[in-house]
Amino acid sequence: MSEIDKLSKRIEKLEFVAGMMKKMENDFNVEIEEMNELGFDMYKQDKRIERLEKEKEKQNRKIEKLEEERFDLLKQLEDLRVNLAELIVKVKSIN
């Protein structure tokens, strides 16, 4: 086999390897792009979770205030019932 034939075969092998390397590079770039997209999606989800957690805290504070108001109203109702019972006793004692 002549030196030219050997070099030609070697060039063919190197071209094949270069083609494979190019394909691997393209596949790698696609994977990197997909990872970047997933990273961005995760970032958006994290921001959404943060917003939802803030909204949850806000709603919990509102619920706490409403529970305090409810407790105060129940206390007032109990006081009114006691006052009514005392008035009924006084009215009955007058009769």
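The structure under discussion appears in the preceding block.
This structure is a prediction, so every number in the text was calculated from the model and none was measured.

Enquirer: Honestly, the overall build of the protein in this entry has me stumped. Any pointers?
Expert: When its secondary structure is counted, the protein shows one helix and zero strands. For 95 residues, the compact-globule estimate of 2.2 N^0.38 gives 12 Å, and the protein exceeds it by more than 25% at 40 Å. A principal-axis box enclosing the C-alpha atoms of the protein has dimensions of 135 × 15 × 10 Å. Within the protein, the proportion of its 95 residues that are buried is 0%.

Enquirer: Would you mind going over a negative patch on the surface with me for this structure?
Expert: Taken together, the side chains of E64, E67, E68, E69 and D72 make up a negatively charged region of the molecular surface. The topology assignment puts D72 in helix α1 (residues 3–94). According to the relative accessible area criterion, D72 is partly exposed, its value standing at 43%.

Enquirer: Got a minute to help me understand a positive patch on the surface in this structure?
Expert: A contiguous patch of positive charge, built from K58, R61, K62 and K65, is present on the exposed surface. Among the secondary structure elements, K62 is positioned in helix α1.

Enquirer: Would you mind showing me how to read the environment of E3 here?
Expert: Looking at the element boundaries, E3 is found in helix α1. Counting along the chain gives 16 residues from E3 to G19, while the straight-line C-alpha distance between them is 24 Å.

Enquirer: For this particular structure, what's the right way to read a nonpolar patch on the surface?
Expert: On the surface, a cluster of nonpolar side chains totalling about 520 Å² of accessible area is made up of F16, V17, M20, M21 and M24. Within the secondary structure, V17 sits in helix α1. By relative accessible area, which is 43% here, V17 ends up partly exposed.

Enquirer: Teacher, can you tell me more about the pattern of salt bridges here?
Expert: Two side chains of opposite charge can pair, provided their charged atoms sit close to one another. Applying the stated rule across the entire model yields five salt bridges. As a salt-bridge pair, K47 and E50 come within 3.6 Å of each other at their nearest N and O atoms. Taken as a pair, K47 and E50 lie in helix α1 at a separation of three residues, close to a single helical turn. Judged by its relative accessible area of 37%, E50 falls in the partly exposed class.

About the thresholds
- Residues numbered from 1 in each chain as written.
- Predicted model: local features only at pLDDT ≥ 70, side-chain atom pairs only at ≥ 80, totals over all residues.
- Heavy atoms only, no water.
- Helix = DSSP H or I, 4+ residues; strand = E, 2+ residues; numbered from the N terminus.
- Rg over C-alpha atoms; globule rule 2.2 N^0.38 Å.
- Buried < 20%, exposed > 50% of the residue type's maximum accessible area, 1.4 Å probe, protein only.
- Patch = residues over 30% accessible without salt bridge, like charges linked within 9 Å, V, L, I, M, F, W, Y side chains within 5 Å.
- Areas by Shrake-Rupley, 256 points an atom, 1.4 Å probe, with all protein chains shown as cover.
- Salt bridge = Lys/Arg side-chain N within 4 Å of Asp/Glu carboxyl O.
- Lys, Arg positive; Asp, Glu negative; His and termini not counted.
- Charge placed at Lys NZ, Arg CZ, Asp CG, Glu CD.

None of this, on its own, says anything about what the molecule does.
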